[in-house]
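Observations on the three-dimensional arrangement
These are the residues of each chain, in order.
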Amino acid sequence: MEWKLIEEPSQAAKVFKENLLKEHASGTPLRMKMDVRDSEEDRERELLLFYKQQQEWACPLHCTLVGDAAVGEGVMRYFLTTVISKLQFGFSLDLGGMGRTLLFEGEPDHLVPAASEALIESNLFRVAGRMLAHSFLHDGPHVTGLSPAVIHVLFNGDPEMATVVTEDCPDLHIRSIIKLLEQEELTPEQKDTVSDLSMSWDLPAVTKTNRRWLHNKLLLHAVIGRTMRQIKQLRKGLKDVMVWPLLTSRPDVVPLIFPKMAEMQFTPQMLLQKITWPVEDSDDEDFDLESTCRVTGFLRLFIETASSGTLAQLLTFWVGWEMLPPKLRVEISGGTLPTSSTCFETLKLPAHFKTYMDFEEALVSAINSAQTGFGLV
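Below or above, wherever it landed, is the structure these notes cover. Bear in mind that the values here come from a model prediction, so they are computed numbers and not experimental data.

In terms of regular secondary structure, the protein is built from 17 helices and eight strands. Counting only C-alpha atoms and orienting by the principal axes, one finds that the protein spans roughly 70 × 65 × 40 Å. A buried classification covers 48% of the 377 residues belonging to the protein. Taking contacts inside the protein between residues at least 6 apart in sequence as the whole, the part at least 24 apart equals 67%. About 18,600 Å² of surface is accessible on the protein, with carbon and sulfur atoms providing 52% of the total.

Here it is, written out as structure tokens:
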């Protein structure tokens, strides 16, 4: 129990994890395998199948990338980055009948588990808990930006004592109804709208005297009440990987496994695997293969050598905020400096660059000087 006495939370976590891995070092290894030649959906199925199994999660982890020459620690980093990227930004698989599958939804630093019956019934939040804890155990990346209210309840906090704010409600329609209760007066139509929602959740209709109370109750149910089953599954997943004693005995370690969005660590792989590169179009007479290959090669080199902070700046310039969309698009264009169309998640790179030095200087200048918004930058 040496880790309980260590003052610095990151050092306490390090000692706990080392001890746990040492205790299971002679156990049956966990074998994670993925074929890079498979479709993205098939690779996701492999990951989900692996984490749905009942395993001794602290046993040695052996990762194999079929179809790739990579070996060693780099392969494990690739797997864990992929796992956390899927939790953070969504699966391509349609697991809930809604197209792509997001397990967490909402605004940065206010993310909550998705309110999907299909995901709950599939026990996918327990799988997510295992993924989160397994990456933490092996010093991998983390899901960032969870709502503090959800984290409070996840670690056995009283739901009634959770500090819930309107930004925690991911359903904008429900949020707009709850916000009506912040007004001085409600029209009869607005009263009916609020009462319809409150009574559908077994709460009383709005009156002159219960508005503040009802506002808080509706918000609590929208954020916590609708996600309690998901939170319980997440908790089971964390317990499966045996990191629960650390997280409950040392609350100061919790921000290490669930950091805020501002502490998000981007890796080159996260961006590169989302990019749709320009391809030759037989109908496009202006397409210049040589320029396209040269400039896209410069962009790839820029991403591969950039720090996490620079990648975050690039992403903000590209799409308007520090959240990876399903796809990042690249176009070769005219003009002098790189520009972006954030609403189409498209980075537009001029074709005139002949050297990487000139390209890098122009891209850094564009990233640092542009005021991005959800339109053309």
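Read on for the rest.
What follows deals with the sheet that holds strand β6 (residues 328-333). One open sheet accounts for four strands, arranged β5-β6-β8-β7; its pairing is mixed. Edge positions in the open sheet fall to β5 (275-276) and β7 (339-341), since each of these has one partner strand only. Direction of pairing for β5 relative to β6: parallel, over a ladder of two bridges. Across the sheet, residue T276 finds its bridge partner in β6, namely R329. Across the face of the sheet, helix α15 (residues 289-305) comes into contact with β5, β6 and β8 (346-350) while running at roughly 135 degrees to β6.

To continue, consider the side chain of H134. Checked against the element boundaries, H134 lands in helix α6 (residues 124-137). Among residues more than four places away in sequence, those in contact with H134 are L30, F50, Y51, W57, L61 and V241.

On to the packing of aromatic side chains. The tally for this structure, following the rule as stated, stands at 12 aromatic pairs. Relative to F359, the ring of F298 has its centre 5.7 Å away and its plane inclined at 45 degrees; by these criteria the two rings are tilted. Residue F298 is found in helix α15, and its partner F359 is found in helix α17 (residues 356-369); the two are separated by 61 residues along the sequence. With a centroid separation of 5.5 Å and 90 degrees between ring planes, the pair formed by F353 and F359 is classed as edge-to-face. Taken as a pair, F353 and F359 share a single burial class, namely buried. Here a set of aromatic residues connected by ring pairs shows up, and it is made of F298, F353, Y356 and F359. Seen from the ring of F136, K17 lies directly overhead, with NZ or CZ sitting 4.2 Å from the centre.

Quick look at the side chain of T166 now. Looking at the secondary structure, you find T166 in the loop between α7 (148-154) and α8 (172-180). Classification of T166 by relative accessible area gives buried; the value is 14%. The contacts of T166, once residues within four sequence positions are left out, are R175, K179, E182, H215 and L219.

Turning our eyes to something else, we now look at helix α3 (residues 40-52). The first and last C-alpha atoms of α3 sit 18 Å apart over 13 residues, in line with the 18 Å expected at 1.5 Å per residue. Buried within α3 we find E44, L47, L48, F50 and Y51. Viewed end-on, α3 has its buried residues packed into an arc of 160 degrees, placing them on one side of the element.

Quick notes on the rules
Residues numbered from 1 in each chain as written. Predicted model: local features only at pLDDT ≥ 70, side-chain atom pairs only at ≥ 80, totals over all residues. Heavy atoms only, no water. Helix = DSSP H or I, 4+ residues; strand = E, 2+ residues; numbered from the N terminus. Buried < 20%, exposed > 50% of the residue type's maximum accessible area, 1.4 Å probe, protein only. Contact = heavy atoms within 4.5 Å. Areas by Shrake-Rupley, 256 points an atom, 1.4 Å probe, with all protein chains shown as cover. Pairing = 2+ DSSP bridges. Axes fitted to C-alpha atoms, helices over the stretch in contact; angles between N-to-C directions. Phe/Tyr/Trp six-rings, centres within 6.5 Å; stacked < 30°, edge-to-face > 60°. Lys NZ or Arg CZ within 6 Å of the ring centre and 35° of its normal. Expected span 1.5 Å × (residues − 1). Arc of directions from axis to C-beta.

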